Amino acid sequence: MVLTITFYSFTLCTLLLSANAAPAHPPKKCPNGKTVKNAQCCIWFDVLDDIQENLFDGGECGEEAHETLRLTFHDAIAFSPDLTAQDGSIILFPDELAFDANEAIDEIVELQKTFIAHHDVTAGDFIQFAGAVAVSNCNGSPRLEFLMGRPDASAPAPDGLVPLPSDSRCRFSAQELVHLLASHSVAAQDGVDPSVPGSPFDSTPDTFDSQFYVETLLKGTAFPGDGRDAGGVESPLAGEFRLTSDMNWLDKRTSCEWQTQIADHNKMMNNFKKAMAKMAILGHDRKDLIDCSEVIPVPARFSLPRPHLPAGRTIGDIESSCATATFPSLSADPGEETSVPPVPPS
Ligand code: CA
């Protein structure tokens, strides 16, 4: 099966999927007392403890979690059929940091280098592991799959494979791209408009919910900052950032899938988990990798608020919807018009 993709600054890539599963191994008890299917997974418990404490500030869905999830896309998408994708090249080869589409990603790359060296794991595996752990820290998130065994990249990805936020290029299926955009429910921008660092893409950046899909359907009214960069367009809420590339994907091809994401949280979680599992093994054969998903924390189950309109908005402010299905019934938050504070830097 061959697919291709794009994203927040995220991208263009080819998915090579195999139905083959990794060979079974007898259960193994790790030094920390946890049981795993394959002893090689034990090392990831040490990595987990370290990054939860020292990268994610005790397990928060904050700036580092957002940037870590973003990095999974940027390592995967700079890919061509001749190169492996999720291979850590973005960390191993500083050349990639100079690509325009990788703006402001150098900080998380520098942070992750320390953990990779300390635990002696490959950069490609670490990026995926840390991404799955980051997602698990966000309220309402799915538990993502994690497979290990990516060899280190031997060369940087060529420039031009990662589209800019202003690009509409994408060879990933439109439906799966909509599913992957759930990552923008727990995300914020720094470099697209540096005048408003930390401005999120929805009003709940610490929660993996459908507000991203609701709020991107609202009429845009103003830029959150002073930048009128090609990467951003007018957003509906003060402090909220709207990416040009996200809006380029909201059209007749995707409006019904977009709307479905609002109405069914379990489906949204499962869609994201499935699409991320595909992206995580870009350029690899699944049968060559070891399933260590059991190391990924089971996300705490929070009772999420129902999808809603921000305060001060009505259903009449919804600008686009599916022509073949009824739009979900949403009520507006009470009180003063919603404004969105920036995600605080750690
Ligand atoms: Ca959210």
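Given the structure is predicted, the values throughout are model-derived calculations rather than measurements.

A. Structural view of the overall build of the protein. Helix and strand counts for the protein come out as ten helices and ten strands. Here the protein holds 346 residues, and the buried ones make up 56% of them. For the protein, long-range pairs separated by at least 24 residues make up 73% of all intrachain contacts whose partners lie at least 6 apart in sequence. For the protein, the accessible surface area stands at approximately 14200 Å², while carbon and sulfur atoms represent 52% of it.

B. Fine view of the packing of aromatic side chains. A complete count under the given rule lists eight aromatic pairs for this structure. Centroid distance Phe-212 to Tyr-213: 5.3 Å. Interplanar angle 80 degrees. Geometry classified as edge-to-face. Here Phe-212 matches Tyr-213 in class, with each residue buried. Chaining the aromatic ring pairs together yields one cluster made of Trp-44, Phe-129 and Phe-146.

C. Local environment of the state of the cysteines. The full count for this structure, using the stated rule, is four disulfides. Disulfide partner of Cys-41: Cys-292, at an S-S distance of 2.1 Å. Disulfide Cys-41 to Cys-292: torsion about the S-S bond roughly -80 degrees, handedness left-handed. Here Cys-292 lies in the segment after strand 10 (290–291) and Cys-41 lies in the loop between strand 4 (35–36) and helix 1 (43–54), a separation of 251 residues in the sequence.

D. A look at the coordination of the calcium ion. For the calcium ion, every protein donor is listed as Ser-185 (O), Ser-185 (OG), Asp-202 (OD), Asp-202 (OD), Thr-204 (O), Thr-204 (OG1), Thr-207 (O) and Asp-209 (OD), and the spread of their distances is 2.3 to 3.0 Å. The sequence pattern formed by the donor residues of the calcium ion is S-x16-D-x1-T-x2-T-x1-D. Note that Ser-185 is positioned in the loop between helix 6 (174–180) and strand 6 (188–189) and Thr-204 in the loop between strand 7 (199–200) and helix 7 (211–215), a separation of 19 residues in sequence. Residues Ser-185 and Thr-204 agree in their burial class; the two are buried.

E. A look at the layout of surface pockets. In this structure, the largest pocket occupies an estimated 250 Å³ of space. Lining the largest pocket we find 17 residues, and of these Ser-210, His-265, Pro-305, Arg-306 and Pro-307 sit closest to its centre. Of the residues that constitute the lining of the largest pocket, the class distribution is seven nonpolar, seven polar and three charged.

F. Structural view of the pattern of salt bridges. Per the counting criterion, the structure on display carries nine salt bridges. For the salt bridge of Lys-278 with Glu-176, the shortest nitrogen-to-oxygen distance reads 2.7 Å. Here Glu-176 lies in helix 6 and Lys-278 lies in helix 10 (residues 265–280), a separation of 102 residues in the sequence. Taking the relative accessible area as the measure of exposure, Glu-176 reaches 9% and is therefore buried. Among the ionic pairs, Asp-288 bridges to Lys-287, the shortest N-O distance being 3.7 Å. Look at the salt bridges and you will find they share partners, linking Asp-285, Lys-287 and Asp-288 into a network.

G. The arrangement of the nonpolar core in detail. Residues Trp-44, Ile-51, Phe-129, Tyr-213 and Trp-258 are the most contacted members of the largest nonpolar core, which totals 75 residues. It is helix 5 (residues 123–136) that provides the largest number of residues to this core, a total of nine residues. Ignoring anything within four residues of it in the chain, the contact list for Trp-44 reads Val-121, Asp-125, Phe-126, Phe-129, Phe-146, Met-148, Cys-292 and Val-295.

H. How the structure looks around the packing of helix 1 against helix 5. Between helix 1 and helix 5, whose axes approach to 11 Å, the crossing angle comes to 60 degrees. By the criterion of interaxial angle, the relationship of helix 1 to helix 5 is oblique. Seen from above, helix 1 lies across helix 5 with right-handed handedness. Where helix 1 approaches helix 5, its residues Trp-44, Val-47, Leu-48, Ile-51 and Gln-52 are matched on the opposing element by Asp-125, Phe-126, Phe-129, Ala-130 and Val-133.

I. Local environment of unusual backbone geometry. Even without a glycine there, the phi angle at Asp-57 is positive, about 55 degrees. Within the secondary structure layout, Asp-57 lies in the loop between helix 1 and helix 2 (63–77). Although it is not a glycine, Asp-120 sits at a positive phi angle of roughly 55 degrees. With respect to the element layout, Asp-120 can be found in the loop between helix 4 (106–119) and helix 5. For Asp-120, a relative accessible area of 69% translates into the label exposed.

J. Spatial organisation of empty space enclosed by the protein. A complete count under the given rule lists four cavities of 30 Å³ or more for this structure. The computed volume of the second largest cavity comes to approximately 70 Å³. Around the second largest cavity, the lining residues are Thr-72, Gln-128, Gly-131, Ala-132, Leu-144, Glu-145, Phe-146, Arg-150, Met-276, Ala-277 and Ala-280. Of all elements in the fold, only helix 5 and helix 10 reach the threshold of two or more residues within the lining of the second largest cavity.

Criteria and cut-off values
The residue numbers shown here count from 1 along each chain, following its written sequence. Only residues with pLDDT of at least 70 are given local features in this predicted model, and only at 80 or more are side-chain atom pairs given and counted; all residues enter the totals for whole chains, interfaces and linings. Excluding hydrogens and water, the side-chain figures rest on all heavy atoms present in the structure. The numbering of helices and of strands both runs from the N terminus, where a helix is a DSSP run of H or I of at least 4 residues and a strand a run of E of at least 2. To sort residues, take the accessible area from a 1.4 Å probe on protein chains only and compare it with the maximum for the residue type: under 20% means buried, over 50% means exposed, and anything in between is partly exposed. Contacts are residue-level and defined by heavy atoms, with any inter-residue pair within 4.5 Å sufficient. The accessible surface values rely on the Shrake-Rupley method and a 1.4 Å probe; as for residues, cover is taken only from the protein chains in view. Centres within 6.5 Å make a pair out of two Phe, Tyr or Trp rings, where for Trp the six-membered ring is used; the pair is then stacked when the planes are under 30 degrees apart, edge-to-face when over 60, and tilted otherwise. Cysteine sulfur atoms that come within 2.5 Å of each other are treated as a disulfide pair. Any N, O or S atom lying within 2.8 Å of the metal counts as a donor, and for Na, K and Ca the limit rises to 3.2 Å; water is left out, so some sites can look incomplete. Two kinds of site are reported from a 1 Å grid over the protein atoms alone, namely cavities, where a 1.4 Å probe fits but cannot get out, and pockets, open sets with protein on both sides within 12 Å along at least five of seven lines, and residues are called lining when an atom falls within 4 Å of a point. Grid points are joined across faces, edges and corners, and a volume is the space filled by probe spheres set on the points. When residues are sorted by character, Ala, Val, Leu, Ile, Met, Phe, Trp, Tyr, Cys and Pro go into the nonpolar class, Asp, Glu, Lys and Arg into the charged class, and all the rest, Gly among them, into the polar class. Here a salt bridge means any side-chain nitrogen of Lys or Arg lying within 4 Å of a carboxyl oxygen belonging to Asp or Glu. What is meant by a nonpolar core is a set of buried Ala, Val, Leu, Ile, Met, Phe, Trp, Tyr and Cys residues, joined one to another through side-chain atoms within 4.5 Å. Each axis is a line fitted through C-alpha atoms, and for a helix only the stretch in contact is used; angles between axes span 0 to 180 degrees, taken between their N-to-C directions. An angle below 35 degrees is treated as roughly parallel, one above 145 as roughly antiparallel, one from 65 to 115 as roughly perpendicular, and anything else as oblique. For any helix crossing, the convention is left-handed if the near helix is rotated counterclockwise from the far helix by under a right angle, and right-handed if that rotation is clockwise.

Shape descriptors only; they carry no functional weight alone.
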